[in-house]
Amino acid sequence: KMPFNEEDWKDETLKSKIAGHLECPVCLRIPDTSPIFQCNNGHIICCRCRVKLNKCPVCRVPLGYSRSLTSEKLISMLSLANNEAPIDELVKYSLL
């Protein structure tokens, strides 16, 4: 018997595809703390890597401190599905 039924397999494939798009291009990890930042072109950078950068590692535009709220929500939803604490409960939002 297969370990997953067809619907579970579809869910896991979808989660895997989404997770692949949420990976930080610097550390190659899915961010586990907020905030998650993005460049003006929408490339995401985790908060741990953002403090080390002045330019986007993907497109080289100057970085600001724009947050990627959609990425934060998607990661939170994936965490809930995996019975983990959502990232917005792990860290209080503070930039200062």
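Residues numbered from 1 in each chain as written. Predicted model: local features only at pLDDT ≥ 70, side-chain atom pairs only at ≥ 80, totals over all residues. Heavy atoms only, no water.

A. Focus on the pattern of salt bridges. In this structure the tally under the stated criterion is two salt bridges. Put simply, arginine 48 and aspartate 32 hold a salt bridge, and the shortest N to O gap is 2.7 Å. Taken together, the positions of arginine 48 in helix α2 (residues 47–50) and aspartate 32 in the loop between α1 (6–21) and β1 (36–38) put the pair 16 residues apart, joining distant regions of the chain. On the accessibility criterion, arginine 48 (47% relative accessible area) is partly exposed. Given a relative accessible area of 38%, aspartate 32 falls into the partly exposed group. Here arginine 67 makes a salt bridge to glutamate 72, at a shortest N to O gap of 2.7 Å. (Salt bridge = Lys/Arg side-chain N within 4 Å of Asp/Glu carboxyl O. Helix = DSSP H or I, 4+ residues; strand = E, 2+ residues; numbered from the N terminus. Buried < 20%, exposed > 50% of the residue type's maximum accessible area, 1.4 Å probe, protein only.)

B. Focus on the packing of aromatic side chains. With the rule as written, the count across this model stands at one aromatic pair. Sitting over the ring of tyrosine 65, arginine 50 keeps its end group 4.1 Å from the ring centre. (Phe/Tyr/Trp six-rings, centres within 6.5 Å; stacked < 30°, edge-to-face > 60°. Lys NZ or Arg CZ within 6 Å of the ring centre and 35° of its normal.)

C. Quick peek at unusual backbone geometry. The linkage connecting serine 34 with the following residue, proline 35, adopts the cis geometry, with an omega of 0°. Of note, proline 35 is situated in the loop between α1 and β1.

D. Spatial organisation of the environment of isoleucine 44. Residue position: isoleucine 44 is located in strand β2 (residues 44–46). Residues isoleucine 44 and cysteine 24 lie 20 residues apart in sequence; the distance between their C-alpha atoms is 6.3 Å. Sequence-distant contacts of isoleucine 44, that is, excluding residues within four places in its chain, are made with His21, Leu22, Glu23, Pro25, Ile36, Phe37, Gln38, Ser68 and Ser71. (Contact = heavy atoms within 4.5 Å.)

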